[in-house]
Amino acid sequence: MANKENPTTAADFYSKGNEAFVSETYPAAIELYTSALGLEPHFADCMVARAHAYIKSDKFDLAKKDADKAIDILRATSETSPTAAKAFLRSGVASFHLGRYKEAKNCFTEGQKLGEEAGLKQWMAWCDEKIKKFGEFAPGVKPAPTPTPTESPKEVVNKEAAAPPKPVATELAACSLSDKSATLPTPDPTIMPVPKISHDWYQTETHVVVEVRIKKLSADQCKVDMGDTTLSVTAKLPTGSEYSLELDLAHPVLSLQSSYKIMSTKIEIKLKKAEGVRWAALEGDGSTPLPGGSVAPPTATVKAPYASGRDWSAIEKNIEAEAEEKKEGEAALNEMFQKIYGDANDDVRRAMNKSFQESGGTVLSTNWNEIGKEKVEVKPPDGMEWKKYD
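Thresholds applied
Residues numbered from 1 in each chain as written. Predicted model: local features only at pLDDT ≥ 70, side-chain atom pairs only at ≥ 80, totals over all residues. Heavy atoms only, no water. Core = buried A, V, L, I, M, F, W, Y, C linked by side-chain atoms within 4.5 Å. Buried < 20%, exposed > 50% of the residue type's maximum accessible area, 1.4 Å probe, protein only. Contact = heavy atoms within 4.5 Å. Pairing = 2+ DSSP bridges. Helix = DSSP H or I, 4+ residues; strand = E, 2+ residues; numbered from the N terminus. Axes fitted to C-alpha atoms, helices over the stretch in contact; angles between N-to-C directions. Phe/Tyr/Trp six-rings, centres within 6.5 Å; stacked < 30°, edge-to-face > 60°. Lys NZ or Arg CZ within 6 Å of the ring centre and 35° of its normal. Salt bridge = Lys/Arg side-chain N within 4 Å of Asp/Glu carboxyl O.

Participant: Kindly report on the nonpolar core, identifying the contributing residues and their values.
Facilitator: In terms of nonpolar packing, the biggest core is built from 44 residues, with Y33, F96, F108 and W123 touching the most fellow members. Residues in contact with F108, not counting those within four places in the same chain, are F88, L89, G92, V93, L120, W123, M124 and C127. I214, L237, Y243 and L271 belong to the second-largest nonpolar core, a separate cluster that totals 22 residues.

And the structure:
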């Protein structure tokens, strides 16, 4: 059993590193992953995890080295595990942020051959956009000389930890880098901004809800992929930058029963829990939760010791059920108008207010260019007559 309080093995440090990563304390995660790799230099999963932490810390050159080394190790051992696809994803993301778009796309293409890792297709689309606009490299970025392979795959594994691995296959030539990559100039941040978008989560008995706070985002600018143990959110921001959120979920979800909404101030993603268990964290290894964390069933007769005597859990459940009920008739119509008004700009709101008030509630228009010119006439429904009462 791993000693998580006082880690002594590579697995212990790796587990603690994952906990720090989930808590978004990336420097601590990097330090713990580094300790794990000091004990087990060819721990590929840990290398990929540290690459992810480096990406979160905007240290893309170091992320690139870790991801490429993990690729070499996994290829040398003939492993085609999901870790290999994830390693190509991390390597491609690092190359993309370093302004090497063709190289990034090569990595994503190789990763796609190994499995449908969340986010790969969207990153490939972004690479195509950048290549079309700038070419293979961002302005100011020069290509790195590709080293000639001089060692066999098995020699890479048998090297000591301090020796950097060489590329092991010609198909990876455009994806793997030498240690000189750290000296390459970083792209101008005005050309390749790294967006800082916050996300948060909460849960009910049946769902985990993730909120990504991006304002004024349209449906065609956002893509949400929900897997059984993964969540990927990619979006094209109004500034022209790309946003990507990739999460390995703590526990399984029912992706086909999950949904998301794009609102004026955020993206709300509702993930249906595979089991009614209280999650201790959002991210993890996707394992089945322990029964000890289960939420008490609705039929439980033992009441929680709330000071007010009210069962707030039941109240929360009732509110959620009411919100989920399908509105019909006038209620549905009013809700639609409220949504239009809430998401509208000032001109549309003025048009709606003016047309509704001046027409006595018989006209509702969103066209200010037409409504703003003159007073809106009353237009009663067919077969009805308008009467003004004093």
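Participant: Just give me the short version of the sheet that holds strand β4 (residues 230-236), but keep the residues and values in it.
Facilitator: Read across the open sheet, the three strands follow the order β3-β4-β5; overall the sheet is antiparallel. Each edge of the sheet is formed by a strand with only one pairing partner; in this case those strands are β3 (222-226) and β5 (242-248). Shown here is a sheet whose adjacent strand axes are inclined to one another by a mean of 5°, direction ignored. Bridge count for β3 against β4 is five bridges, and the pairing is antiparallel. In the sheet register, C222 faces β4, and the bridge partner there is A235.

Participant: Got a sec to walk through the packing of aromatic side chains? Specific residues and values, please.
Facilitator: Applying the stated criterion to the full structure yields eight aromatic pairs. Taken together, a centroid distance of 6.0 Å and an interplanar angle of 45° make the contact between Y14 and Y33 tilted. Of the two residues, Y14 sits in helix α1 (residues 10-22) while Y33 sits in helix α2 (residues 26-39), which places them 19 residues apart along the sequence. One Lys or Arg, R350, reaches over the ring of W368 and ends 4.6 Å from the middle of that ring.

Participant: Give me the pattern of salt bridges: which residues, what numbers.
Facilitator: What the rule picks out here adds up to 16 salt bridges. Two residues, E103 and R100, come together in a salt bridge whose shortest N-O distance is 3.0 Å. A residue is classified by how much of its surface remains accessible, and R100, at 1% relative accessible area, is buried. Residue K266 is joined to E211 by a salt bridge in which the shortest nitrogen-to-oxygen separation is 2.8 Å. Of this pair, K266 sits in the loop between β6 (253-262) and β7 (267-273) while E211 sits in strand β2 (residues 207-212), and the two are 55 residues apart along the sequence. On the basis of relative accessibility, which here comes to 18%, the residue K266 falls in the buried class. One network of salt bridges, with partners in common, ties together K64, D68, R100 and E103.

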